[in-house]
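If you want the building blocks of each chain, they are given just below.
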Amino acid sequence: MARFSDARLIEVPSHWNIPELHGDQGSVGRWNQTKRKVLVLGVKKGLSCRPFYRSCDFVAPSQANGCAMACSYCYVARRKGYANPITTFVNIDDILGSVERHASRQGIKLEPTLADRDHWVYELGTNSDLSVDAAVSDNARDFVELFGGLPNAKATFATKLVNRDLLDYDPRGKTRVRFSLMPPETSKLVDVRTSRVEDRVLAINDFVEAGYEVNVNFGPVIVKDGWQSDYVELFEMLDAALSGAAKEQLAAEVIFLTHTEELHEVNLLWHPKGERLLWRPDIQEQKTSQASGDRVLRYEKGLKRRLVREFTDLLNVWLPYCEIRYAF
Ligand code: SF4
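Residues numbered from 1 in each chain as written. Predicted model: local features only at pLDDT ≥ 70, side-chain atom pairs only at ≥ 80, totals over all residues. Heavy atoms only, no water.

Observations concerning the site of the ligand
Consideration 1: In the vicinity of the ligand, the contacting residues are C67, M69, A70, C71, C74, D129 and K160.
Consideration 2: Broken down by class, the residue content of the shell around the ligand amounts to 5 nonpolar, no polar and 2 charged. (Near = heavy atom within 4 Å. Nonpolar A, V, L, I, M, F, W, Y, C, P; charged D, E, K, R; others polar.)

Have a look at this one:
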């Protein structure tokens, strides 16, 4: 309240369910205005670390939920109804303590996993973008510094924002930032309020120099006419921009788009143009997400298998030094 002295404080019984925010269909036209004007503060109740696979071994309890950016495919928004501003959790000491105790119980990692060979990897930003959260509070810094001191674990998060404040943190090689990348033209349409793709690419060397491990997340891959040549241009941009040190440690994950009917309906009310790319009933089918258990739309199975192969073949040709952690 000291920082935002003209802010109006409204007490609510639960940060999670605020009917006048998340339940008000009329507010969807103010989707981005709400992100600019509303900050929810809450106490995080569930503090357990959840096992996962692929990008991490465990998902850490969130230090925030929601986002000031507004990617129209955002899966966090799928659960938030008609508004998705940032909720910052104020009990960061409880959250950090829970993660630290969990990591200490794991002991040394003896077998490599998809996420990492040597360290247990904790995903930090499944419900928010840590680079934006870092502009709101010190929660992100606290996490980066905690992992810097843990002998057997590292943190990871994906981001679409270049927040150079993070360059002053002290990650000591124990935080893996994954810059999310897609062809700039597509990004301009669906990555609303994010940093430009070109700026994310240009930031990679600086983050490597500052002691971060930096990977890239090609996600979501959105299929449209000419997507292959768009990605070749993106790979060329990366190859031209990256330093030797950045290339040496580079790895990528590739995730094709999923969508939902509910989010499609919400998006039509505030950003219908993006739906021309995301909503493709002609080539999408329903499936149950392995990660969330939710019903989602994904590209038809046989088609997707071919798309994944085509993508990874292109990536191997244009960025042969880039390890592919997984592609699906
Ligand atoms: S940056 Fe991530 S959390 Fe934020 S709107 Fe985009 S997809 Fe959602």
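A short note on the nonpolar core
For soluble globular proteins, nonpolar side chains are generally found buried alongside one another.
Consideration 1: With 81 residues, the main nonpolar core has Y122, F143, F147, F218 and F311 as its most contacted residues.
Consideration 2: Beyond its immediate chain neighbours, meaning those up to four positions away, F143 contacts A60, P61, Q63, I92, I95, L96, V99 and L124.
Consideration 3: Formed by 5 residues, the second largest nonpolar core is a distinct cluster that contains C67, M69, I86 and V132. (Core = buried A, V, L, I, M, F, W, Y, C linked by side-chain atoms within 4.5 Å. Buried < 20%, exposed > 50% of the residue type's maximum accessible area, 1.4 Å probe, protein only. Contact = heavy atoms within 4.5 Å.)

Brief notes about the pairing of strand β14 (residues 284–288)
Consideration 1: Note that β14 and strand β15 (residues 295–299) share 5 bridges and pair antiparallel. Residue pairing across strands places E285 opposite R298, the latter belonging to β15.
Consideration 2: Hairpin connection, β14 to β15: the antiparallel pair is bridged by 6 residues, and G293 has positive phi, about 80 degrees. (Pairing = 2+ DSSP bridges. Helix = DSSP H or I, 4+ residues; strand = E, 2+ residues; numbered from the N terminus.)

Topic: the packing of aromatic side chains
Consideration 1: Summed over the entire model, instances satisfying the criterion amount to 19 aromatic pairs.
Consideration 2: Taking 6.3 Å as the distance between ring centres and 85 degrees as the angle between the ring planes, the aromatic pair formed by W227 and F256 counts as edge-to-face. Remark: F256 occurs in strand β12 (residues 251–256) and W227 occurs in helix α8 (residues 227–241); sequence separation between them is 29 residues. In this pair, the class of W227 matches that of F256, namely buried.
Consideration 3: When the ring of W227 is compared with that of F311, the centres are 6.4 Å apart and the planes differ by 5 degrees; the resulting orientation is stacked. On the criterion of sequence distance, the pair formed by W227 in helix α8 and F311 in helix α12 (residues 301–318) is long-range, its members being 84 residues apart.
Consideration 4: Relative accessible area serves as the criterion here: at 1%, F311 is assigned to the buried category.
Consideration 5: Members of the aromatic cluster, joined through ring pairs, are F218, W227, Y231, F235, F256, Y299 and F311. (Phe/Tyr/Trp six-rings, centres within 6.5 Å; stacked < 30°, edge-to-face > 60°.)

Description of the packing of helix α3 (residues 92–106) against helix α5 (residues 139–148)
Consideration 1: Axis separation between α3 and α5 bottoms out at 11 Å; the angle between their running directions is 25 degrees. Classified by the interaxial angle, the pair formed by α3 and α5 is roughly parallel. Judged by the twist between their axes, the crossing of α3 over α5 is right-handed. Listed contacts from α5 to I92, I95, L96, V99 and E100 of α3 are N139, D142, F143, L146 and F147.
Consideration 2: Residue composition of the contact of α3 with α5, grouped by class: 7 nonpolar, 1 polar and 2 charged. (Axes fitted to C-alpha atoms, helices over the stretch in contact; angles between N-to-C directions. Parallel < 35°, antiparallel > 145°, perpendicular 65-115°, else oblique. Left-handed = near helix turned anticlockwise from the far one by under 90°.)

Topic: the sheet that holds strand β6 (residues 86–89)
Consideration 1: Here 3 strands make up an open sheet; going across it, the order is β1-β6-β4 and the pairing mixed. Unpaired on one side and paired on the other, β1 (39–42) and β4 (64–65) mark the two borders of the sheet.
Consideration 2: One ladder, built from 2 bridges, connects β4 with β6; its direction is antiparallel. Bridge assignment links N65 to a residue of β6, and that residue is T87.

A few points about the packing of α8 against α12
Consideration 1: Running from N to C, α8 and α12 cross one another at 30 degrees; their axes reach a closest spacing of 10 Å. The angle between α8 and α12 falls in the class roughly parallel. For the element pair α8 and α12, the recorded crossing hand is right-handed. Together, W227, Q228, Y231, V232, F235 and E236 of α8 and L307, E310, F311, L314, L315 and W318 of α12 make up the contact between the two elements.
Consideration 2: Classifying every residue of the contact of α8 with α12 by side-chain character gives 9 nonpolar, 1 polar and 2 charged.

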